[in-house]
Amino acid sequence: MCRGYAVDMADQRMTDGDYRRLLLFRTGLRRFLHWSEEQARASGLTPAQHQLLLAIAGHPGPTGPAIGDVAEYLALRHHSAVGLVDRAAAAGLVTRRPDEHNHSVIRLALTESGLEKLDRLTEAHVRELKQLAPAMRTLLAALDAHGEQLRKSPAAASV
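The rules behind each value
- For every chain, the first residue of its written sequence is number 1, and the numbers climb from 1 along that sequence.
- Only residues with pLDDT of at least 70 get local features here, since the model is predicted, and only at 80 or more are side-chain atom pairs given and counted; chain-wide, interface and lining totals rely on the full set of residues.
- Hydrogens and water molecules were not included; the side-chain quantities draw on all heavy atoms of the structure.
- The secondary structure listing takes helices from DSSP runs of H or I that are at least 4 residues long and strands from runs of E that are at least 2 residues long, numbered from the N terminus.
- What we call a nonpolar core is a set of buried Ala, Val, Leu, Ile, Met, Phe, Trp, Tyr and Cys residues that are connected through their side-chain atoms within 4.5 Å.
- Three exposure classes are used, based on accessible area relative to the maximum for each residue type with a 1.4 Å probe and protein chains only: buried under 20%, partly exposed in between, and exposed over 50%.
- Contacts are assigned to residue pairs with any non-hydrogen atoms lying within 4.5 Å of each other.
- Surface patches are drawn from residues lacking salt bridges whose relative accessible area is over 30%; two like charges belong together within 9 Å, two nonpolar side chains (Val, Leu, Ile, Met, Phe, Trp, Tyr) within 5 Å.
- All accessible areas in this document rest on Shrake-Rupley with a 1.4 Å probe, and a residue is counted as covered only by the protein chains that are shown.
- For this document, the term salt bridge refers to a Lys or Arg side-chain nitrogen within 4 Å of an Asp or Glu carboxyl oxygen.
- We treat Lys and Arg as the positive residues and Asp and Glu as the negative residues; His and chain ends play no part in the count.
- Taken as the charge centre is NZ of Lys, CZ of Arg, CG of Asp or CD of Glu, depending on the residue.
- The span you would expect from a helix comes to 1.5 Å times its residue count less one.
- Think of it this way: a Phe, Tyr or Trp ring, Trp meaning its six-membered ring, pairs with another when their centres are within 6.5 Å, and the plane angle makes it stacked under 30 degrees, edge-to-face over 60, tilted otherwise.
- Here, axes are lines fitted to C-alpha atoms. For helices the fit covers the stretch in contact, and angles between N-to-C directions go from 0 to 180 degrees.
- Roughly parallel covers angles under 35 degrees, roughly antiparallel covers those over 145, roughly perpendicular covers 65 to 115, and oblique covers all other angles.
- Following the grouping adopted for this structure description, the nonpolar residues are Ala, Val, Leu, Ile, Met, Phe, Trp, Tyr, Cys and Pro, the charged ones are Asp, Glu, Lys and Arg, and the polar ones are all others, Gly among them.
- On a range of 0 to 100, pLDDT expresses the predictor's confidence in each residue.

1. Re unusual backbone geometry
Trans peptide bonds make up the majority, and among non-glycine residues the majority have a negative phi.
Turning to step 1, where the next piece is worked out: One non-glycine residue with positive phi stands out, namely Ala75, at about 55°.
Turning to step 2, where the next piece is worked out: By secondary structure assignment, the location of Ala75 is in the loop between helix 4 (67-74) and helix 5 (78-90).

This is the structure:
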């Protein structure tokens, strides 16, 4: 019984090609992130400030995000998000205002300067992503096809 299970699992192993595709995908992501960080620095922002501006602009709803929302988007602890917002506010990139309904909640908004910097960075990022998209789609499709083969294989059904 154990032996049959081992055979079933062996049928589901990743191939050398799968590993190459994963490597290419992760390498592409890492290069894009490195490029993005360099673009932020070239525009006078830290990469974290760029992410903060994007988190504020991309937050759904008309009220703007609270510090807790930003902390969640950026995977930061609350006090780290507060420090990031403090530095961005001192640089004239963001403003704080009390929530209309709950004055203990502080909402964030971009200043004109913050929005201008984000707009310039976003234009560059969209151009770069359009160039990367075909290769990334191909890699994702190949990985998805492998996953679909695993789901349809008799070995996968018997596990």
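2. So, the nonpolar core
Turning to step 1, where the next piece is worked out: In terms of nonpolar packing, the biggest core is built from 19 residues, with Leu52 and Val94 touching the most fellow members.
Turning to step 2, where the next piece is worked out: Mapped onto this core, the elements with two or more residues apiece are helix 3 (47-58), helix 4, helix 5 and helix 6 (112-152).
Turning to step 3, where the next piece is worked out: With residues up to four places along the chain from it excluded, the contact list for Val94 reads Leu52, Leu53, Ile56, Val85, Ala88, Ala89, Ala109, Leu110 and Thr111.

3. Concerning a negative patch on the surface
Turning to step 1, where the next piece is worked out: Together, Glu112, Glu116, Asp119 and Glu123 line one region of the surface with negative charge.
Turning to step 2, where the next piece is worked out: The residue Glu116 is located in helix 6 in this model.
Turning to step 3, where the next piece is worked out: In this structure Glu116 comes out as partly exposed when scored by relative accessible area, which is 39%.

4. Some remarks on helix 5
Turning to step 1, where the next piece is worked out: Compared with an ideal rise of 1.5 Å per residue, which puts 13 residues at 18 Å, helix 5 spans 18 Å between its outermost C-alpha atoms and is within 8% of the ideal.
Turning to step 2, where the next piece is worked out: For helix 5, the set of buried residues is Ala81, Gly83, Leu84, Val85 and Ala88.
Turning to step 3, where the next piece is worked out: If you follow the buried residues of helix 5, they end up packed against helix 3, helix 4, strand 1 (94-98) and strand 2 (106-110).

5. What to know about the packing of aromatic side chains
Two descriptors summarise a pair of aromatic rings, namely the distance from one centre to the other and the angle between the planes of the rings.
Turning to step 1, where the next piece is worked out: Evaluation of the coordinates by the stated rule reveals 1 aromatic pair.
Turning to step 2, where the next piece is worked out: When the centroid spacing of 5.8 Å and the interplanar angle of 25° are considered together, the rings of Phe32 and Trp35 count as stacked. Within this pair, Phe32 and its partner Trp35 are both found in helix 2 (residues 16-42), separated by 3 residues, close to a single helical turn.
Turning to step 3, where the next piece is worked out: Judged by relative accessible area, Phe32 falls into the buried class, the value being 16%.

6. Quick look at the packing of helix 3 against helix 5
Pairs of packed helices are described in terms of their axes, by the angle between the two and the distance that separates them.
Turning to step 1, where the next piece is worked out: Viewed as axis vectors pointing N to C, helix 3 and helix 5 meet at an angle of 90°, and their least axial separation amounts to 10 Å. One way to sum up the angle between helix 3 and helix 5 is to call them roughly perpendicular. Together, Ala48, Gln49 and Leu52 of helix 3 and Leu84, Val85, Arg87 and Ala88 of helix 5 make up the contact between the two elements.
Turning to step 2, where the next piece is worked out: The residue inventory of the contact of helix 3 with helix 5, partitioned by class, reads 5 nonpolar, 1 polar and 1 charged.

7. Some points on the confidence of the model for the protein chain
Turning to step 1, where the next piece is worked out: For the protein chain, the mean per-residue pLDDT works out to 87, and 85% of the residues sit at or above 70.
Turning to step 2, where the next piece is worked out: Throughout residues 1-10 the model reports pLDDT below 50, and contacts reaching past four residues in sequence, or to other chains, amount to 5 contacts.

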